[in-house]
Amino acid sequence: MNAFDLSRLRPRLPSPLEPVEDERFARRGLTLLLKREDLIHPDLPGNKWRKLALNLEAAAGRPVLTFGGAYSNHLRATAAAGRLLGFPTVGVVRGDELAGRPLNPSLARCAADGMRLEFVDRATYRAKNDPAVLAALLDRAHAGAYVVPEGGSNALAVRGCAELGRELAGAADAVAVACGTGGTLAGLAAGLTPGQRALGFPVLRGDFLDGEVRALQEAAFGGPRGDWSLDGRFHGGGYARVSPALEAFTRDFEERHELAIERLYVAKMLHGLVTLAEEGAFPPGTRIAAVVTGAPDGVQPSVSSR
């Protein structure tokens with residue numbers, strides 16, 4: 001199989017846009033839509049497809065080296081792409097203490113898909129962009145490996161995510177997405193048309209993402225693009241943390257719409273949207289698209305029944 005012929009994986013593009021009846025929005029004259037990026041591909045869902053597609057074309061079958069934590073969805077998607085398209089993958093994992101432990105389900109999936117896992121201490125991981133550190137990692141990897149950054153966010157990834165915005169042209173007034181490294185928001189905002197705006201909900205604590213999104217747009221497009229903003233109130237305590245309140249909200253949303261919701265990203269974004277609606281942040285008549293970037297582990301995504 002030609003490693004950069006991604007069409008052979010038969011992605012579902014454009015991803016479906018589903019209207020959702022939710023009285024918390026309807027009583028304020030708002031329309032909620034779900035942009036089902038989780039249905040693009042079972043192994044490379046949502047923003048992982050958008051971010052990886054152009055990078056894999058650039059790698060053109062070479063080995064791919066990338067980075068992530070112990071539960072990284074990006075590592076899993078990269079490993080799956082390597083299995084499906086027949087190229088070697090190396091995952092540099094944060095935390096050398098994990099090397100002597102049994103692999104968690106996420107890393108076990110990476111290994112089963114053929115990814116070679118390199119566990120590094122946290123100081124080395126923080127310095128991964130230092131040329132000397134990166135050179136040492138590449139020396140231990142496959143010769144001529146193509147490097148994809150943590151979370152997959154680089155200029156090519158941002159350009160890939162711009163297609164998400166273009167698919168939503170004319171379909172929504174506001175588009176919401178959960179943010180880890182900021183690449184999806186940077187591209188989404190660039191792809192939207194004038195009059196549309198993108199709302200980012202960071203899943204990590206801290207106020208660093210504003211600068212990251214700006215830097216990514218500079219790298220991808222040479223300057224700022226689109227109308228976007230961040231609301232950092234809904235991280236739920238930080239990455240990979242789900243508070244009791246967030247869990248209760250998510251279970252309620254699942255019961256209302258008979259749709260399994262991923263907790264670490266999608267649930268936080270939906271919680272943010274419902275809160276903003278209740279705060280009166282959107283004028284009546286606003287169409288709001290919520291980007292569903294993935295499904296819970298072990299759950300096969302399905303079309304909403306309501």
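These notes cover the structure that comes with them. None of the values given here were measured: they were computed from a predicted structure.

A tally of helices and strands in the chain yields eleven helices and ten strands. In terms of overall size, the chain behaves like a compact globule, its C-alpha atoms giving a radius of gyration of 19 Å where 306 residues would be expected to give roughly 19 Å. Expressed along its principal axes, the backbone C-alpha trace of the chain runs to roughly 60 × 40 × 35 Å. Within the chain, buried positions represent 52% of all 306 residues. Of the contacts made within the chain by residues no fewer than 6 positions apart, 75% connect residues no fewer than 24 positions apart. Total accessible area on the chain is roughly 13,000 Å²; 52% of this is exposed by carbon and sulfur atoms. Between the averaged position of the 36 positive side-chain charges in the chain and that of its 35 negative side-chain charges there is a distance of 2 Å.

Further remarks concern the packing of helix H10 (residues 244-257) against helix H11 (residues 266-278). Two quantities define a packed helix pair, namely the angle between the axes and the distance from one axis to the other. Two numbers describe how H10 lies on H11: the axes approach to 10 Å, and their chain directions differ by 85°. As summarised for this structure, H10 and H11 are arranged roughly perpendicular, according to the angle between their axes. In this structure, H10 contributes Leu 246, Phe 249, Thr 250 and Phe 253 to the contact, and H11 contributes Ala 267, Lys 268, Leu 270, His 271 and Val 274. Looking at side-chain class alone, the contact of H10 with H11 contains six nonpolar, two polar and one charged residues.

Our focus in this paragraph is the pairing of strand E8 (residues 197-202). Among the six residues of E8, five are classified as buried, and the element is accordingly described as predominantly covered. Pairing geometry for strand E7 (residues 174-179) and E8, over six bridges, is parallel. Residue pairing in the sheet places Val 175 in a bridge with Ala 198 of E8. In this fold, E7 hands off to helix H8 (residues 183-191), which returns the chain to E8; that crossover is right-handed. Sheet topology places E8 next to strand E9 (residues 228-230); three bridges connect them, and they run parallel. Residue pairing in the sheet places Leu 199 in a bridge with Ser 229 of E9.

The next point concerns the side chain of Ser 106. Turning to its location among the elements, Ser 106 is positioned in helix H4 (residues 105-112). By relative accessible area, Ser 106 is classed as buried at 5%. In this structure, Ser 106 is in contact with Ala 70, Tyr 71, Ser 72 and Arg 76, ignoring residues within four places of it in sequence.

The strand order across the open sheet built from four strands is E5-E4-E3-E6, with neighbouring strands paired in parallel fashion. Every other strand in the sheet has two partners, leaving strand E5 (116-120) and strand E6 (146-147) as the edge strands with one partner each. In this sheet, strand E4 (residues 89-94) lies alongside strand E3 (residues 64-68) in parallel orientation, the contact comprising five bridges. Of the residues in E4, the one forming a bridge with Phe 67 is Val 92.

This next bit is on the packing of helix H2 (residues 46-59) against helix H7 (residues 155-167). With their axes 7 Å apart at the nearest point, H2 and H7 run at an angle of 135° to one another. Put simply, H2 runs oblique to H7. Here the hand of the crossing between H2 and H7 comes out right-handed. Contact residues: Arg 50, Lys 51, Leu 54, Asn 55 and Ala 58 in H2; Leu 156, Ala 157, Arg 159, Gly 160, Cys 161, Glu 163, Leu 164 and Glu 167 in H7. In terms of residue class, the contact of H2 with H7 is built from six nonpolar, two polar and five charged.

A word on the sheet that holds strand E1 (residues 17-20). In spatial order, the strands read E1-E2-E10-E7-E8-E9; together these six strands make up an open sheet with mixed pairing. Bordering the open sheet on either side are E1 and E9, each of which pairs with just one other strand. Across the sheet, the axes of successive neighbouring strands diverge by a mean angle of 25°, strand direction being ignored. Pairing of strand E2 (residues 31-36) with strand E10 (residues 287-292) involves six bridges; the strand directions are parallel. Paired with Leu 33 across the strands is Ala 289, a residue of E10. Where helix H9 (residues 209-221) meets the sheet, its contacts fall on E7, E8 and E9, and the angle it forms with E9 comes to roughly 150°.

Another aspect to go through is the packing of aromatic side chains. Following the criterion strictly, the structure yields three aromatic pairs and no others. Aromatic pair Phe 67 and Tyr 125: ring centres 6.4 Å apart, planes at 80°, arrangement edge-to-face. Of the two residues, Phe 67 sits in strand E3 while Tyr 125 sits in helix H5 (residues 122-126), which places them 58 residues apart along the sequence. Per residue, the accessibility class of Phe 67 equals that of Tyr 125, and both read buried.

How each quantity is defined
- Residues numbered from 1 in each chain as written.
- Predicted model: local features only at pLDDT ≥ 70, side-chain atom pairs only at ≥ 80, totals over all residues.
- Heavy atoms only, no water.
- Helix = DSSP H or I, 4+ residues; strand = E, 2+ residues; numbered from the N terminus.
- Rg over C-alpha atoms; globule rule 2.2 N^0.38 Å.
- Buried < 20%, exposed > 50% of the residue type's maximum accessible area, 1.4 Å probe, protein only.
- Contact = heavy atoms within 4.5 Å.
- Areas by Shrake-Rupley, 256 points an atom, 1.4 Å probe, with all protein chains shown as cover.
- Lys, Arg positive; Asp, Glu negative; His and termini not counted.
- Charge placed at Lys NZ, Arg CZ, Asp CG, Glu CD.
- Axes fitted to C-alpha atoms, helices over the stretch in contact; angles between N-to-C directions.
- Parallel < 35°, antiparallel > 145°, perpendicular 65-115°, else oblique.
- Nonpolar A, V, L, I, M, F, W, Y, C, P; charged D, E, K, R; others polar.
- Pairing = 2+ DSSP bridges.
- Right-handed = clockwise from strand over helix to strand, strands pointing away.
- Left-handed = near helix turned anticlockwise from the far one by under 90°.
- Phe/Tyr/Trp six-rings, centres within 6.5 Å; stacked < 30°, edge-to-face > 60°.

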